[in-house]
Amino acid sequence: MAMSAGLQGEAPSDGVSSGTASLLEVRHLSVTYTRRLARNDGQTRESRHAVRDVNFDVPRRETLGLVGESGSGKTSVGLAILNLIAAAGSVRFDGQEILGLHGATMRQLRTRMQMVFQDPTASLDPRMTVRRIVRMPIKAHRIATGTGIDDLVAEVLNKVSLDTAVMSRYPHQLSGGQRQRVAIARALATAPDFIVCDEITSSLDVSVQAQVVNLLMDLQADLGLTLLFISHNLGIVRQVSGLIAVMYYGRVVELGQSEQIYANSLHPYTKALLEAVPSPDPALETRPTRAYLRADATTAGLHKVWSGGCVYQDRCPFTTDLCRRVEPELGASAAGHSVACHRVDEIRTGTAECTEGDS
Amino acid sequence: MKTHVSAIRQRMPSLSACILIVIGILVAIAAIYPRAFTSGNPNAIDPNAILAGPSLRHLLGTDEAGADIYTRIIYGTRLDAEISLFSVGIAYAVGVPLGLLAGWWRGALDEILSRLSAGILAFPIVLLALLIVGSFGTSAPTLIAILALAFLPQVTLLARAQTMAVCARGYVLAARATGLRERRIITVHVLHNITPQLLVLSPQLMSQAILIEASLSYLGVGIQPPAITWGSLLLDASNYYQQDPLYAISTGLVVTIAAALLLVAGDLISRWADPLRRR
């Protein structure tokens, strides 16, 4: 059984999926948002890639951490995988192609793949009691009937360590942590195999974040869940994920096992991200030995339309002409570790020269 | 036990709501069974007391034909209640589903409905009423139809806007992610969440209905005698406001108070329907 980050740079061979290696296979996933323009120069639509040609696998019972800054396309990837927004490419869940599915087939499949959202205040209907919220998926999929429904509600609330007394409460009467537990309980109600967790800790108090993360990891161990854990918090991702994919501007720029990424990151963006993680002890915090982010870097590049070349070229201190012309492909650097960077070998050996100021 | 008591108190209407409910019941009784409030006949004429002031026999005095004003106001309640209830009811029955679908599906349906609504809204209601009355004549059903048509765009646009706002909320996406049918999402999540906002508008529209009915009656294109509405009373009273100011003041106050109470009712309804605003 392949436990490595099963990455393929190119499309998989058109064969029957083995069905054992990975629960989720994402190939050439692209998400484009189009908006109508109120202009009269003939151009009526403007489209922008939120996700462009993303490939990764999530092996069964494992967690893939998807990290990147705001606007990098993490959430779009999560929504596209669950077929909640229009996307191009291929998403195979347990061997079955999901993109393009609709109606009863897709609804049926949704019992197996669920999502927990960033802000439970938004994702829970304020006019429903907790009981009703958790009952919704159970009734929609006829998972239980009669008194069995309430028994199941109590059971899933129990799984997320919530007292059944909360059943008659409204979301605004709960704490942030309790609300997120309710959202997790709702996702668990259909006994899914796979859950997309979209920034599930970012709206929570720091003291509660750890509780929710620990709960999620316990649930994963108990129920054999496969997770896509989207977060910008590298500390939490490290705790949760065996595999990590780093996204920048709609592209996966580095993908590998957690230890590889944290101990031996290669992409300049990943390095910059890791250096930005604050240390709990300021005395231990060392000044970075090398800058992996240009001194004049801004996030402005994120808002412009991609016009070829490496997505990180505007913020990378090592940008060369090649980087501006040719987009680097995600290529294997070590077993299970891939990086999309032209200068990866120089960066690995520490011989990459800064080109800052040349442009 | 304590939580039980507080739960009941949460659901208990406030004092102002209680007063409004009592008034509402009284008005309903007056509309359905006016004899409960007066033993007189609204069309009984007393030639010896024309435009008489208040007395024990005639609490609010008499009108130009010697009929009891109080009795006529009570008997006028029924038509006003019918007109306001039915016109608003029809506008809601048609407008809410249209607005929901337009807000949910968007696209061409939304485009057409929005333009149509704007078109109707741009048309002065009294002018519209004059046109329709001119061609179909006055009757309560005609008036109800006119008012329903006038209220329809307001209800449709409100339902549409609220639907669009609710659709952007996380719980609608979450409901889709859990695998709910679209129909369920619309009825359970969307309709449920736009109900308070829709309810706020209904008493406002009813008060508008009463005021518009009064304006049309005043212009002479409202309900015709011998049917009695508050508006028609106001028209009669306006001719004699110098001889008998109380005649005009009492009928005018009835219309004003009814409209005002309906506005207060709208606010109370929204507060009651919203768990976040409920104390």
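Residues numbered from 1 in each chain as written. Chains lettered and ligands numbered in written order. Predicted model: local features only at pLDDT ≥ 70, side-chain atom pairs only at ≥ 80, totals over all residues.

A. Spotlight on the overall build of chain B. When helices and strands are tallied, chain B shows ten helices and zero strands. Listing every helix and strand of chain B by position from the N terminus yields α-α-α-α-α-α-α-α-α-α. Viewed in the frame of its principal axes, chain B has a C-alpha envelope of about 75 × 60 × 25 Å. Among the 279 residues that make up chain B, the fraction classed as buried is 38%. The contacts of chain B with a sequence gap of at least 6 include a subset with a gap of at least 24, amounting to 68%. (Helix = DSSP H or I, 4+ residues; strand = E, 2+ residues; numbered from the N terminus. Buried ≥ 20, exposed ≤ 12 C-beta atoms within 10 Å, placed from the backbone. Contact = placed C-beta atoms within 7 Å.)

B. Geometry of the domain arrangement of chain A. Residues and elements named next belong to chain A. Domain annotation of chain A identifies domain 1 (21-30 + 48-241) and domain 2 (265-276 + 290-359). Tallying the contact residues gives five residues for domain 1 and five residues for domain 2. Across the side of domain 1 that touches domain 2, the residue classes break down as two nonpolar, two polar and one charged. (Domains from an automatic or database assignment. Nonpolar A, V, L, I, M, F, W, Y, C, P; charged D, E, K, R; others polar.)

C. Molecular detail of the interface of chain B and chain A. Contacts between chain B and chain A engage 18 residues on the former and 22 residues on the latter. Only α7 (170-178) and α8 (182-218) of chain B provide two or more residues apiece to the side of chain B that touches chain A. Across the side of chain B that touches chain A, the residue classes break down as eight nonpolar, six polar and four charged.

D. Local environment of the sheet that holds strand β11 (residues 331-334) of chain A. All names here are of chain A. Strand order in this open sheet of eight strands is β6-β7-β8-β3-β9-β10-β12-β11, and the pairing throughout is mixed. Lying at the two open borders of the sheet, with one neighbouring strand each, are β6 (113-116) and β11. Along the sheet, successive strands turn relative to each other by an average axial angle of 20°, direction set aside. Bridge count between β6 and strand β7 (residues 194-198): four bridges; the pairing is parallel. Opposite Met113, over in β7, you have Phe194 as the bridge partner. (Pairing = 2+ DSSP bridges. Axes fitted to C-alpha atoms, helices over the stretch in contact; angles between N-to-C directions.)

E. Just helix α6 (residues 176-188) of chain A, in detail. Residues and elements named next belong to chain A. The end-to-end C-alpha distance of α6 is 18 Å, a good match for the 18 Å that 13 residues give at a rise of 1.5 Å each. Taken across its 13 residues, α6 has eleven buried, putting it largely inside the fold. Turning to α6, its buried residues number three or more, namely Gln178, Arg179, Gln180, Arg181, Val182, Ala183, Ile184, Ala185, Arg186, Ala187 and Leu188. (Expected span 1.5 Å × (residues − 1).)

F. Summary view of the sheet that holds strand β5 (residues 96-97) of chain A. Residues and elements named next belong to chain A. The strand order across the open sheet built from four strands is β2-β1-β4-β5, with neighbouring strands paired in antiparallel fashion. At either margin of the open sheet sits one strand with a lone partner, and together these are β2 (45-59) and β5. Sheet topology note: the strand β1 (residues 22-36)/strand β4 (residues 88-93) ladder contains five bridges and is antiparallel. Following the sheet pairing, Arg27 is matched in β4 by Ser90. Strand contacts of helix α1 (residues 74-81): β1, β2 and β4, with the helix running at about 115° to β1, the strand carrying the most contacts.

G. Summary view of the packing of helix α4 (residues 107-122) of chain B against helix α6 (residues 140-167) of chain B. All names here are of chain B. Where α4 contacts α6, the two axes come as close as 9 Å, and the packing angle between them is 135°. The angle between α4 and α6 falls in the class oblique. Note on packing geometry: the crossing formed by α4 with α6 is left-handed. For the pair α4 and α6, contact is made by Leu113, Ser117, Ile120 and Leu121 and by Leu149, Leu152, Pro153, Thr156 and Leu157, respectively. Of the residues belonging to the contact of α4 with α6, the class tally is seven nonpolar, two polar and no charged. (Parallel < 35°, antiparallel > 145°, perpendicular 65-115°, else oblique. Left-handed = near helix turned anticlockwise from the far one by under 90°.)

H. Main features of the nonpolar core. Within the largest apolar cluster, 155 residues are counted, with the highest numbers of intra-cluster contacts made by A:Ala185, A:Cys197, A:Leu228, A:Val246 and B:Leu147. If you tally residues by element for this core, the top one is α8(B), at 15 residues. Both domains that meet at this core, namely domain 1 (21-30 + 48-241) and domain 2 (265-276 + 290-359) of chain A, each give it at least three residues. Those residues within four positions of A:Cys197 in sequence are excluded, and the remaining contacts are A:Val116, A:Leu216, A:Leu227, A:Leu228, A:Phe229 and A:Ile230. (Core = buried A, V, L, I, M, F, W, Y, C linked by C-beta atoms within 7 Å.)

I. The confidence of the model for chain B, seen in detail. Residues and elements named next belong to chain B. The share of residues in chain B with pLDDT of 70 or more is 93%, and the mean pLDDT across the chain is 84. Here helix α1 (residues 2-11) stands out as the element of chain B with the lowest mean pLDDT, 57, in contrast to α6, whose mean of 92 is the highest. Among the scores for the predicted complex, ipTM is 0.82 and pTM is 0.80. (pLDDT = per-residue confidence, 0-100.)

J. Quick look at the packing of helix α4 (residues 130-140) of chain A against α6(A). All names here are of chain A. Close contact between α4 and α6 brings their axes to 8 Å; oriented N to C, the two are set at 25°. Comparing their axes, α6 and α4 come out roughly parallel. Taken as a pair, α4 and α6 cross one another with a handedness that is right-handed. In this structure, α4 contributes Val130, Ile133, Val134 and Pro137 to the contact, and α6 contributes Val182, Ala185 and Arg186. Classifying every residue of the contact of α4 with α6 by side-chain character gives six nonpolar, no polar and one charged.

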